[in-house]
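Residue-level listing of the chains:
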Amino acid sequence: MKEYHSSGGKIPEGAYRALEYPLYKAIGDRRSRRFGLGMTLESEALGFSSPREPVPLSEIEEALLIWAATGLTGSQLGDLPPRVGLGLLVQSTGRTWPSSCNNQGTELFYTNDRGTYMVKMRDLYPEEKVALLFKEGMSPEEKVEKIVEVVDKCRVKLYDGRADLPKGMPGLFDFNAWNTNKPGTTLFIPVTSVTIEYINLLFLFTSSRYGFLIVDELHGGRPAGMEEALKKGLVRRDLVLSLFELEMRVLTMLVVEQAFMCQNINLALQALGLGGWTFTGFVARFLLGGVPPYKGLGFRFITPKKGLTDPPQSIPVGIDGLYQAYCPPYYKNMDEAVDAFLEHKNLCSGVAVCYRAPDDIRAEMRKVAPERVEVVKSVCNYIYETYGRFPAFVDPMYSRLTAQAHHLELEFYDKYYPPGSYTDLHRQHFTLWHPELEDPFKDY
């Protein structure tokens, strides 16, 4: 932990201020502050070129932002009816953001001048019967040390140096090109594995309690692999859900996870006195690495044998051995993918729960009947065989939002904006966080 400490073995004064920053003040102070040290904005009316060199975020600044975005907080409470609700939860871990059925299928990637990383947080579990990571009476130093420890444990370096991303069109909209992924910045990129919650929700929609009939409107409204389930009375003819609506439900539920992460980063920026903003300027295929020569995040793309376009467009499925969707090519077929999902879910249901009597809770939970597993497999196989991919319309790995953090160029805001466009923490940032450096605004 020493490498994160300033001189004297203490955390920077800014960390104390950050941990005590009021929530409602952070909400009120939140702004998109896009102009960082070393940047240039070309304009007759708003033009400015920073006379100061960029300064990268320290590792402790990044750790606090990462933990705010996606950190482990302890165990989720699981305060649901065990018979009809608790079995839907995929994970037992508590995080800094809410997740549909606690599936936690969104992971955070980030890049800076040192490298490009994944924060593999989903496989980390809290202590047994511990509701909160931060126990009563923990000192600020202990909290920061715990945060850094958690982030360190989950960080995986993908490659050295800043992510190889577009610097303009195509791939990055030009109004974001002037300041995105520049030296000194840290760019945060949430990526969602859609297949986790997709399969989980199929167990909900096709359960005995609901029994939705999923139909494929692009093929005459026929049942999506559910003919046998209809014959056996396992689903209802009067409760119809189209395949397209199903996938839109899944997508809209999951993309908000990326928004939660980015909003947490934005609120934390206020507490740390940093600049930055959330945006959607990247085209996801470029961002993930599906358009040579850009390496992006290095995701594997496959081209389905068939699809809605001719030729079919390639889709991102994961990073081999690190972050893989529940679909081929990582599984021989969708039967194997569903089995793998259930195996993971069963493992997580028995790990790190905070109930006083977890065995009693588990005993009351209903197990998924084998015939219901077969219904879900039939739907998944229908989608894959009909559309040559899973899901049918949404990419297995999906990226929509990004957030960036950087040290703010105060002179730009003083030149063009009235007082109050930034806070005292922005003004004092280098004194509070980087006492070992000469404050670039010392003589300003």
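Scroll up to find the structure this text is about.
Residues numbered from 1 in each chain as written. Predicted model: local features only at pLDDT ≥ 70, side-chain atom pairs only at ≥ 80, totals over all residues. Heavy atoms only, no water.

Visitor: Help me understand the sheet that holds strand E9 (residues 213–216) in this model?
Guide: Sheets are built from strands that pair by backbone hydrogen bonding, the pairs being arranged parallel or antiparallel. As summarised here, the arrangement of the three strands in space is E10-E9-E11, forming an open sheet in which the pairing is mixed. At either margin of the open sheet sits one strand with a lone partner, and together these are strand E10 (222–223) and strand E11 (240–242). In this structure, E9 lies alongside E10, joined through two bridges in antiparallel fashion. Opposite Val215, over in E10, you have Pro223 as the bridge partner. Strands in contact with helix H8 (residues 243–272) are E9 and E11; relative to E11, the strand with the most contacts, it is inclined by about 75 degrees. (Pairing = 2+ DSSP bridges. Helix = DSSP H or I, 4+ residues; strand = E, 2+ residues; numbered from the N terminus. Contact = heavy atoms within 4.5 Å. Axes fitted to C-alpha atoms, helices over the stretch in contact; angles between N-to-C directions.)

Visitor: I would appreciate a short explanation of the pattern of salt bridges in the present structure.
Guide: A side chain of one charge can pair with a side chain of the opposite charge when the charged atoms of the two come close. Applying the stated rule across the entire model yields 19 salt bridges. Across the pair Glu228 and Lys231 runs a salt bridge whose closest N-O atoms are separated by 3.5 Å. Note that Glu228 and Lys231 are positioned in helix H7 (residues 227–231) at a spacing of three residues, about one turn of the helix. For Lys231, a relative accessible area of 66% corresponds to the exposed category. Look at the salt bridges and you will find they share partners, linking Arg52, Glu409 and Glu411 into a network. (Salt bridge = Lys/Arg side-chain N within 4 Å of Asp/Glu carboxyl O. Buried < 20%, exposed > 50% of the residue type's maximum accessible area, 1.4 Å probe, protein only.)

Visitor: Would you mind going over the sheet that holds strand E13 (residues 300–302) with me for this structure?
Guide: Taking strand neighbours across the sheet as the criterion, the three strands line up as E13-E14-E15 in an open arrangement whose pairing is antiparallel. The outermost strands of the open sheet, each flanked by one partner alone, are E13 and strand E15 (323–324).

Visitor: Is there a simple way to think about the side chain of Thr70 in this case?
Guide: Within the element layout of this structure, Thr70 appears in helix H3 (residues 59–70). Residue class for Thr70 comes out buried when judged on its relative accessible area of 1%. At 2.6 Å, the side chain of Thr70 and the side chain of Arg95 are in polar contact. A distance of 3.2 Å separates a polar atom in the side chain of Thr70 from a polar atom in the side chain of Trp97. If near-sequence neighbours (up to four positions away) are discounted, Thr70 is found in contact with Arg95, Thr96, Trp97, Leu108, Met121 and Met261. (Polar contact = N/O pair within 3.5 Å; in protein donor to acceptor, adjacent residues only side chain to side chain.)

Visitor: What is the right way to read the environment of Tyr110 from this model?
Guide: Topologically, Tyr110 is positioned in strand E5 (residues 106–111). A relative accessible area of 1% means that Tyr110 is categorised as buried. In the structure, Tyr110 is positioned 196 residues away from Lys306 in sequence and 33 Å away in space, judged by C-alpha atoms. For Tyr110, the residues in contact, after removing those within four places along its chain, are Glu62, Ile66, Gly115, Thr116, Tyr117, Val119, Arg155, Thr186, Leu187 and Phe188. Looking at Tyr110, its side chain comes within polar contact range of the side chain of Arg155, at 3.1 Å.

Visitor: What's the story with the state of the cysteines in this structure? I'm lost.
Guide: Covalent bonding between the sulfur atoms of two cysteines defines a disulfide. Within the structure shown, the criterion is met by zero disulfides. There is no disulfide at Cys327, and the cysteine sulfur nearest it, in Cys380, is 10 Å away. Relative accessible area serves as the criterion here: at 2%, Cys327 is assigned to the buried category. (Disulfide = S-S within 2.5 Å.)

Visitor: Mind showing me how you'd approach the side chain of Glu197 here?
Guide: Mapped onto the fold, Glu197 is located in helix H6 (residues 194–205). Of the buried charged residues, Glu197 lacks a salt bridge, with Lys345 as the closest side chain of opposite charge at 7.4 Å. Setting aside its immediate chain neighbours within four residues, Glu197 contacts Val90, Ser100, Cys101, Asn103 and Leu254. (Lys, Arg positive; Asp, Glu negative; His and termini not counted.)

Visitor: For this particular structure, what's the right way to read the environment of Asp174?
Guide: Turning to its location among the elements, Asp174 is positioned in helix H5 (residues 174–177). Note on Asp174: relative accessible area 57%, which makes it exposed. Between the C-alpha atom of Asp174 and that of Leu267, which follows or precedes it by 93 residues, the distance is 26 Å.

Visitor: What should I look at first to understand the nonpolar core in this one?
Guide: Generally speaking, soluble globular proteins have nonpolar side chains that are buried together. The biggest cluster of nonpolar side chains holds 74 residues, and the ones touching the most others in it are Phe109, Val191, Tyr198, Ile199, Leu246 and Phe299. Take this core: its biggest share by element is nine residues, from H6. With residues near it in sequence (within four places) discarded, Ile199 still touches Tyr326, Val338, Phe341, Val376, Cys380 and Phe390. Membership of the second largest hydrophobic core comes to 46 residues, among which are Leu124, Val144, Cys154 and Leu274. (Core = buried A, V, L, I, M, F, W, Y, C linked by side-chain atoms within 4.5 Å.)

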